[in-house]
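Observations on the model geometry
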Amino acid sequence: MIIDCHGHYTTAPKALEEWRNRQIAGLKDPSLAPAASELRISDDDLRETIETNQLRLMKERGLDLTIFSPRASFMAHHIGDFQTSSTWSAICNELCYRVSQLFPDNFIGAAMLPQSPGVDPATCIPELEKCVKEYGFVGINLNPDPSGGHWTSPPLYDRHWYPVYEKMVEYDIPAMVHVSTSCNECFHTTGAHYLNADTTAFMQCLTSDLFKDFPTLRFVIPHGGGAVPYHWGRFRGLAQALNKPELQEHLLNNIFFDTCVYHQPGIDLLTNVIPLENVLFASEMIGAVRGIDPETGHYFDDTKRYIEAAELTAEQRHMIYEGNARRVYPRLDAALKAKGL
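Small disclaimer: the values here were computed from a predicted structure and weren't measured.

Our next topic: the pattern of salt bridges. According to the stated counting rule, one finds 17 salt bridges in the structure shown. Here Arg61 and Asp301 are joined by a salt bridge, their closest N and O atoms 2.9 Å apart. Highlighted residues: Arg61 in helix α3 (residues 54–61) and Asp301 in the loop between β9 (279–280) and α13 (303–309), separated in sequence by 240 residues. The burial state of Arg61 is the same as that of Asp301; both residues are buried. Ionic contacts of the salt-bridge type, sharing partners, join the residues Glu322, Arg326, Asp333 and Lys337 into one network.

The following block contains the structure:
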């Protein structure tokens, strides 16, 4: 089985974006604000967007199951207040749940949290609990920067985040550490802000003893870990200067990286530097990079091709494709076992 741990509903029906635009307009003029009940998206609408996009490409590329969450750039936690994010998160999570019900063999959910700048993350817990208990979601997306590129929240090791971590441990779910849209013109959303955040999240963990407080807490850092694998020696040296243990002991029981890296040398570097037990297959398809690479004639985000071409054994590929995801996402493993898989 090939499990893609990083998928977003980037092809949701146009009605979702139209409703969101009305919600944003309502922040200035409350008379324009729509009720959640005004959003009407049928099962046929969902089938059409999935079957012609994600599911079609999954079948073409030989992928079996995607951990599916709301579109990352649409989370936009910096817009409005907690109530804005709460309503928006609930709507987006419900759509992903409906997709998982329509295509139960191909999609399983991960939750967007209703974060808001300056708001206690404990306010996210009701939505997290609903998604785990009622929707059967197997993970969450945690935005370390709800301000949208201005980094006004405390670092991930701060007790500010502990209410979410406590629930993650209680429900045995990991978090993909994933920012959203940048409203800071210095940082392009997908080309800079995402990768900056991946690197920043790792470094915040490196400088702390977070995992002493939460030894079973698990983070998936997407996009291949940003700059982390490329600068592994730098991070090892910084850990040493800070009198921290070697990174394998200090962080790699708790931090994992996905394969959303869109060229062969990048995947080769990732799989050579990072222990393979810490690498999970992912493509973020259909996501930030949708075009065809003129050097190869294949889509940049067809990451399975890179894993197949890497110098790995069949056992190592199985770890990356399936084994590691089932270990890092225990609720996913349980759901698969319940189906006899």
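What follows picks up the thread again.
This brings us to the state of the cysteines. Here the structure, examined in full by the defined rule, presents 0 disulfides. Cysteine Cys124 remains unbridged, with the sulfur of Cys131 as its closest cysteine sulfur at 11 Å. On the accessibility criterion, Cys124 (2% relative accessible area) is buried. Looking at the unpaired Cys260, the closest cysteine sulfur is the one in Cys5, lying at 6.7 Å.

With that out of the way, let us pick up the pairing of strand β1 (residues 3–9). Burial of β1 is extensive: 7 of the 7 residues sit out of reach of the surface. Sheet analysis places β1 next to strand β2 (residues 65–70), joined by 5 bridges and oriented parallel. Along β2, the bridge assignment pairs Ile3 with Leu65.

Turning our attention to the environment of Met75. With respect to the helices, strands and loops of the structure, Met75 is situated in helix α4 (residues 72–75). For Met75 and Ala90, which are 15 residues apart along the polypeptide, the C-alpha to C-alpha distance reads 11 Å. Filtering out sequence-adjacent residues up to four positions away, Met75 remains in contact with Arg20, Trp88, Met112, His178, Val179 and Ser180.

Peptide bonds are mostly trans, and most non-glycine residues show a negative phi. Here the residue pair Met285 and Ile286 is connected by a cis peptide bond, since its omega of 5° sits within 30 degrees of zero. Even without a glycine there, the phi angle at Trp151 is positive, about 50°. Judged by relative accessible area, which is 28%, Trp151 ranks as partly exposed. The backbone of Asn243 shows a phi angle near 60°, a positive value even though the residue is not glycine.

Further remarks concern the packing of helix α2 (residues 43–51) against helix α5 (residues 82–102). One way to put it is that α2 packs onto α5 with a least axis distance of 10 Å and a crossing angle of 80°. With respect to α5, the axis of α2 lies roughly perpendicular. From α2, Asp43, Leu46, Arg47 and Ile50 reach across to α5, where they touch Leu95, Arg98, Val99 and Leu102. For the contact of α2 with α5, the residue count by class is 5 nonpolar, no polar and 3 charged.

Sheet architecture is open: 3 strands sit in the order β1-β2-β3, paired in parallel fashion. Strand pairing shows two members of the sheet lacking a second neighbour, β1 and β3 (107–109), which therefore form its edges. Going across the sheet, the axis of each strand differs from the next one's by a mean of 35°, ignoring polarity.

Criteria and cut-off values
Residues numbered from 1 in each chain as written. Predicted model: local features only at pLDDT ≥ 70, side-chain atom pairs only at ≥ 80, totals over all residues. Heavy atoms only, no water. Salt bridge = Lys/Arg side-chain N within 4 Å of Asp/Glu carboxyl O. Helix = DSSP H or I, 4+ residues; strand = E, 2+ residues; numbered from the N terminus. Buried < 20%, exposed > 50% of the residue type's maximum accessible area, 1.4 Å probe, protein only. Disulfide = S-S within 2.5 Å. Pairing = 2+ DSSP bridges. Contact = heavy atoms within 4.5 Å. Axes fitted to C-alpha atoms, helices over the stretch in contact; angles between N-to-C directions. Parallel < 35°, antiparallel > 145°, perpendicular 65-115°, else oblique. Nonpolar A, V, L, I, M, F, W, Y, C, P; charged D, E, K, R; others polar.

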